[in-house]
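Spelled out from the first residue to the last, the chains are:
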Amino acid sequence: NEEGIGELVVKSPSQMIGYYKNPEATAAVFTEDGFFRTGDRCAFDKDGWLYIKGRCKNMILGPSGENIYPVQIEDFIRKHDAVKDVAVIGLPEPRLGEIAAAIVELKEGHTMSEEDLQRFCAPLPRYKRPRRIIFAEVPRNPTGKIEKPKLRSIYCGESLVAQQIEG
């Protein structure tokens, strides 16, 4: 696992015992010994604190098999002065499988070209640099969470959304 990142699994007397009338979904989220797979990608820091790094469903399988965690790219791009918000999703690419795409919302009165953002992203490892940049609004739900399923529906089509939800 890249950078010490793994999936968080938990076991507790107060956890759910399964999905109502859905044994397939229940089997998919529980290990054989009763641990619940949260779907969160996590890592420990040097002091032993556990940090959530993103969601398994949001992970992008890079062109050469690398695991790309969108939150790492989003955090980097968000540092640009012109960027109001950003979301990174995987887009299907027939030859490569999946590529990282950044949906970038600019602050009012700011401009930026794809080339400007590519230059800004140059310090990132090549496999983490977005291969496609889309300048558009980043939708968020009422709690402030990026609506990645909505973005996948807009930019990838419903079939990829279904694939990611199912597996």
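These numbers were taken from a predicted model, which means no experiment stands behind them.

1. Side note on the packing of aromatic side chains
Turning to step 1, where the next piece is worked out: Enumeration over the complete set of coordinates arrives at 2 aromatic pairs.
Turning to step 2, where the next piece is worked out: Both rings, one in phenylalanine 76 and one in phenylalanine 120, keep their centres 5.2 Å apart while their planes meet at 45°; by these two values the pair is tilted. With a gap of 44 residues between them, phenylalanine 76 in helix α2 (residues 70–77) and phenylalanine 120 in helix α3 (residues 114–120) connect regions that are remote in the sequence.
Turning to step 3, where the next piece is worked out: In this structure phenylalanine 120 comes out as partly exposed when scored by relative accessible area, which is 26%.

2. Re the confidence of the model for the protein chain
Turning to step 1, where the next piece is worked out: Mean pLDDT over the protein chain: 84, with 89% of residues reaching 70 or higher.
Turning to step 2, where the next piece is worked out: Within the protein chain, α3 carries the highest mean pLDDT (97), whereas helix α5 (residues 158–166) carries the lowest (43).
Turning to step 3, where the next piece is worked out: The model gives residues 158–167 a pLDDT under 50, and that stretch makes 10 contacts with residues more than four places away or in other chains.

3. Digging into unusual backbone geometry
Turning to step 1, where the next piece is worked out: At lysine 21, a residue that is not glycine, the phi angle is positive and equals roughly 55°.
Turning to step 2, where the next piece is worked out: Counting through the fold element by element, lysine 21 comes out in the loop between β1 (6–10) and α1 (23–29).
Turning to step 3, where the next piece is worked out: By relative accessible area, lysine 21 is classed as exposed at 69%.

4. Comments concerning the nonpolar core
Turning to step 1, where the next piece is worked out: Formed by 17 residues in total, the largest nonpolar core has its most connected members in Ile73, Ile77, Val104 and Leu117.
Turning to step 2, where the next piece is worked out: Of all the secondary-structure elements, those providing two or more residues to this core are α2, β6 (83–93) and β7 (97–106).
Turning to step 3, where the next piece is worked out: Core analysis: the second largest hydrophobic core is formed by 11 residues, Ile89, Leu91, Ala101 and Ile134 among them.

5. Observations concerning helix α4 (residues 148–155)
Turning to step 1, where the next piece is worked out: Buried within α4 are the following residues: Lys148, Leu151 and Arg152. For α4, the angular spread of the buried residues around the axis is 100°, confining them to a single face.

6. Looking at the sheet that holds strand β8 (residues 132–135)
Turning to step 1, where the next piece is worked out: With mixed pairing, 3 strands are arranged side by side in an open sheet as β6-β7-β8. If you trace the sheet from one side to the other, it starts and ends with β6 and β8, each paired once. Strand-to-strand twist of the sheet, defined as the mean angle between neighbouring strand axes without regard to direction, takes the value 25°.
Turning to step 2, where the next piece is worked out: In the sheet, β7 pairs with β8 via 4 bridges, with the strands oriented parallel. Across the sheet, isoleucine 103 pairs through a bridge with isoleucine 134, a residue of β8.
Turning to step 3, where the next piece is worked out: In the packing of α4 onto the sheet, contacts are made with β6, β7 and β8, and the angle to β6 comes to roughly 55°.

7. What about the pairing of β6?
Turning to step 1, where the next piece is worked out: Burial analysis of β6 places 8 of its 11 residues in the buried class, which makes it a mostly covered element.
Turning to step 2, where the next piece is worked out: Bridge count for β6 against β7 is 10 bridges, and the pairing is antiparallel. When the sheet's bridge partners are listed, valine 88 is paired in β7 with alanine 102.

8. Overview of the side chain of threonine 38
Turning to step 1, where the next piece is worked out: On the secondary structure map, threonine 38 appears in strand β2 (residues 36–44).
Turning to step 2, where the next piece is worked out: A polar contact of 2.8 Å, which involves the side chain of threonine 38, links it to the backbone oxygen of leucine 8.

Quick notes on the rules
- Going along each chain's sequence as written, the residues are numbered from 1 onward.
- Per-residue local features are limited, in this predicted model, to residues with pLDDT of at least 70; the limit for side-chain atom pairs, both in listing and counting, is 80 or more; totals at the level of whole chains, interfaces and linings are taken over all residues.
- No hydrogens and no water enter the side-chain calculation; it runs on all heavy atoms of the structure.
- Whether two aromatic rings pair depends on their centres lying within 6.5 Å, for rings of Phe, Tyr and Trp, where Trp uses its six-membered ring; planes under 30 degrees apart make the pair stacked, over 60 edge-to-face, and the rest tilted.
- Runs of H or I in DSSP of at least four residues are treated as helices and runs of E of at least two as strands, each being numbered from the N terminus.
- The rule is simple: take the accessible area with a 1.4 Å probe, protein chains only, and divide by the maximum for that residue type; under 20% is buried, over 50% is exposed, in between is partly exposed.
- Known as pLDDT, the predictor's confidence for each residue is given on a scale from 0 to 100.
- Between two residues, a contact is recorded if the distance between any of their heavy atoms is within 4.5 Å.
- Working definition of a nonpolar core: buried Ala, Val, Leu, Ile, Met, Phe, Trp, Tyr and Cys residues. They are joined through side-chain atoms within 4.5 Å.
- Arc definition: it is the arc formed by the directions from the helix axis to the C-beta atoms.
- Two strands are counted as paired when DSSP detects at least two bridges linking them.
- Here an angle of 0 to 180 degrees is reported between the N-to-C directions of two axes, which are lines fitted to C-alpha atoms, with helices fitted over the stretch in contact.
- Definition of a polar contact: a pair of N or O atoms within 3.5 Å, with one able to donate and the other able to accept a hydrogen when the atoms are protein atoms, and with sequence-neighbouring residues admitted only if both atoms are side-chain atoms.

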